[in-house]
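Chain and residue survey
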Amino acid sequence: MKLVVAIIKPFKLDEVREALTALGVAGMTVTEVKGFGRQKGQTEIYRGAEYSSNMVPKLKVEVACAADLAPRVVETVQQAANTGAIGDGKIFVLDLGQAVRIRTGETDTNAL
Amino acid sequence: MFKLSRTVGAAALAALAALPAFAQEAALQAPATAPTATVDKGDTAWMMTATILVLLMILPGLALFYGGLTRAKNMLSTMTQIGAAAALAMLIWVMYGYSLAFGPDVSSAALSNVVASLDKAFLAGITAASQSATFTAGVEIPEYVFVSFQMTFAAITVALVLGSVVERMKFSATMAFAAVWLTIVYFPIAHMVWASSGLFFKAGALDFAGGTVVHINAGVSALVASLMLGKRMGYPHTPMPPHSLTLTGVGTGLLWVGWFGFNAGSALEANGSAGLAMINTFVATAAGGLAWMLVERARGHKGSALGFCSGIIAGLVAVTPAAGNSGPFGAIVLGGVASAVCFFAVSVLKPRLGYDDSLDAFGIHGVGGMVGAIGTGIVYAPALGGPGAADYDMGAKLLVQVAAVAATIVWAAIGTAVAIAVAKALTGLRVAPEVEQEGLDLGEHGERAYN
């Protein structure tokens, strides 16, 4: 099993979710996060006092899937979340040791 | 608003332009004892309404305007300091403030230039039948209404001062400061500008609704208080953005609405002079709000919501002394110019000088008040659409305006230094660093604004 972690632009969430659902992904976890990469944040000005926030709001999408599905999940997210501009985000893929469905006790791919 | 602008109202009516000031002063001096003049129910109803509108400016108007500009951890502290200082001012006003400002003259002619006697302390001698003069001979309003109307001015002025010291001054210190400051700064200046025996009034200074008494006075006092108190921890390197410009926007709207009571109410009657003050309070303010955003654009920034709100306040401040002393188009120019000048005061001057006037009480009320007070001497001219008489001498009037502004600055600065020193001796003035760090809401009041 793999855990695919994608940092995406917030307004791309719906497209990513629809594309992954079409692929057969049954669930995901979404968190509001802040960070920076090449995109350097925004400047706010209040009565002339400038505050440049170097952290940009993003969404972190986590998808657990079977190992053989992972490459297509990555490809799908990469395409759905793409705008071509800096700040589109990153995708990380981690090995996943175990999964358990709390309600039934099912494990691993049966629990996904 | 009191007697100063009486000349204005009279001048507006051409036939009354030459009305001798002394006759009116005599009427104002003896308001209660032999009420032969008429009390009009329309005037009375309007003045009671105007009084409540000024209260609306304080709570919730100013409290939300200022509160939204602070950080979330100091929201309740800011609102409570404003409300409590205003409440204290109301009590002090009826105890001795009204008498010191508008009571019978003291026997010493020199002293009566700056303060009245304590003969009306605790509202001695005032009953429901007592009357106060207006700007029209033979027309009076109930004295209790006049006392209440003027009470709200004292209350909002002391609350305005606190805008420069929020987020770090002890609640107890704000109370001690308010009591001393009202006594040695506000009551004398109100007397000097608005009472017939007052120094600036006799000199002919124009101040329709309190540009000098309220705004320059509060702004300069705020600057001195913030300098004595010191900067907030981390200022200016730590970001301190406003926590809710939504609430600041709501407060701005309430202030604008309430300001009609402040300005149009200062006519003391429901008449044409009040109508002039009303339209000026619309258009000068509109010009101020837009001018600030235009200056932001010209400086290469985005036109901002806070800029719009700040410009509205700057326009309101500037039109306060001019409300009944200007034509509508003079007021538009005044509001726009004041807004642009205030922009530079808060965005350029303040960072360059490095003082921490937290909510820009000086930058907007002090600076805008000075532009308004001096500008009133210009827009009063009949050639510019103002209500001045045909032989209006602008140069001479400007000298009077500048002198009144300068004297107010000096008086307010010295008085504030004394009031802050007293507050420091009594309370320690400033909260402990830990309290400042975790916020005054928890540290001073044991509550959070948001849960």
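Residues numbered from 1 in each chain as written. Chains lettered and ligands numbered in written order. Predicted model: local features only at pLDDT ≥ 70, side-chain atom pairs only at ≥ 80, totals over all residues.

Some details on the overall build of chain A
For chain A, the helix and strand inventory stands at 2 helices and 6 strands. Going residue by residue from the N terminus, the α and β elements of chain A occur as β-α-β-β-β-β-α-β. In summary, chain A has a C-alpha radius of gyration of 17 Å against a globular reference of 13 Å for 112 residues, an excess of more than 25%. With the principal axes as the frame, chain A shows a C-alpha extent of 60 × 30 × 20 Å. Counting only residues that meet the buried cut, chain A has 19% of its 112 residues in that class. Expressed as a percentage of contacts within chain A between residues at least 6 apart in sequence, the contacts between residues at least 24 apart total 69%. (Helix = DSSP H or I, 4+ residues; strand = E, 2+ residues; numbered from the N terminus. Rg over C-alpha atoms; globule rule 2.2 N^0.38 Å. Buried ≥ 20, exposed ≤ 12 C-beta atoms within 10 Å, placed from the backbone. Contact = placed C-beta atoms within 7 Å.)

Considerations on the sheet that holds strand β3 (residues 139-142) of chain B
Residues and elements named next belong to chain B. Judged by pairing direction, the sheet is mixed, and its 3 strands sit side by side in the order β1-β3-β2 without closing on themselves. Whereas interior strands pair on both sides, the edge strands pair on one side only; in this sheet they are β1 (38-39) and β2 (131-133). Relative to β3, β2 runs antiparallel, the two being bridged by 3 bridges. Pairing of A133 across the sheet is with E140, part of β3. Relative to β3, helix α3 (residues 41-69) is tilted by about 45°, and along the sheet it contacts β1 and β3. Lying over the sheet, helix α6 (residues 143-161) contacts β2 and β3, oriented at roughly 75° with respect to β3. (Pairing = 2+ DSSP bridges. Axes fitted to C-alpha atoms, helices over the stretch in contact; angles between N-to-C directions.)

Considering the sheet that holds strand β1 (residues 2-8) of chain A
Residue and element names in this part refer to chain A. The strand order across the open sheet formed by 4 strands is β2-β5-β1-β6, and the pairing between neighbours is antiparallel. The open sheet has two edge strands with one neighbour each: β2 (29-35) and β6 (89-95). Averaged over all neighbouring strand pairs, the angle between strand axes comes to 20°, with direction disregarded. Here β1 runs beside β6; their pairing, made up of 7 bridges, is antiparallel. For I7, the partnering residue across the bridge sits in β6 and is K90. Along the sheet face, helix α1 (residues 13-23) touches β1, β2 and β5 (56-65) and points at about 10° away from the line of β5. Those strands touched by helix α2 (residues 70-80) are β1, β5 and β6, and its axis lies near 5° from that of β1.

Looking at the confidence of the model for chain A
This prediction gives chain A a mean pLDDT of 93; 100% of its residues lie at or above 70. The spread of mean pLDDT over the elements of chain A runs between strand β4 (residues 49-53) of chain A, the lowest at 84, and β1 of chain A, the highest at 97. (pLDDT = per-residue confidence, 0-100.)

Re the environment of D207 of chain B
Topologically, D207 of chain B is positioned in the loop between α8 (199-203) and α9 (211-229). For the pair D207 of chain B and P188 of chain B, spaced 19 residues apart in sequence, the C-alpha to C-alpha distance is 15 Å.

Looking at helix α15 (residues 394-427) of chain B
Residues and elements named next belong to chain B. With 34 residues, α15 extends 48 Å from end C-alpha to end C-alpha; this agrees with the ideal 50 Å at 1.5 Å per step. The set of residues buried in α15 consists of Q401, A404, V405, T408, I409, A412, G415, T416, A419, I420 and A423. Buried positions along α15 lie against α7 (171-194), α8, α9 and α14 (361-379). At the exit of α15 stands G428, carrying a positive phi of roughly 90°. (Expected span 1.5 Å × (residues − 1).)

So, the interface of chain A and chain B
In this assembly, 6 residues from chain A lie in contact with 12 residues from chain B. Ranked by the residues each element gives to the side of chain A that touches chain B, the list is headed by strand β3 (residues 42-46) of chain A, at 3 residues. In the side of chain A that touches chain B, the residues fall into 3 nonpolar, 1 polar and 2 charged. (Nonpolar A, V, L, I, M, F, W, Y, C, P; charged D, E, K, R; others polar.)

Observations concerning the packing of α3 of chain B against α6 of chain B
Residues and elements named next belong to chain B. Running from N to C, α3 and α6 point in directions that differ by 20°, and their axes come no closer than 9 Å. What the angle tells us is that α3 and α6 run roughly parallel. As α3 runs across α6, the sense of the crossing is left-handed. Contacts from T44, M47, M48, A50, T51, V54, L55, M57, I58 and L62 of α3 reach α6 at V145, S148, F149, T152, F153, A155, I156, A159 and L160. Partitioning the contact of α3 with α6 into residue classes produces 15 nonpolar, 4 polar and no charged. (Parallel < 35°, antiparallel > 145°, perpendicular 65-115°, else oblique. Left-handed = near helix turned anticlockwise from the far one by under 90°.)

Examining the pairing of β2 of chain A
The two faces of a sheet get side chains in turn, since along a regular strand they alternate between them. Residues and elements named next belong to chain A. Buried residues are scarce in β2, accounting for 0 of its 7 residues. Inspection of the sheet shows β2 paired to β5 by 7 bridges, in the antiparallel sense. Looking at the pairing, E32 lines up with L59 of β5.

Details of the nonpolar core
Counting residues in each nonpolar core, the largest one holds 141 residues, and the members touching the most others are L62, V158 and A159 of chain B. Other than its neighbours up to four places away in sequence, V158 of chain B contacts A85, A89, A178, W181, L182 and Y186 of chain B. With 14 residues, the next largest nonpolar core counts V4, A6, V16 and V73 of chain A among its residues. (Core = buried A, V, L, I, M, F, W, Y, C linked by C-beta atoms within 7 Å.)

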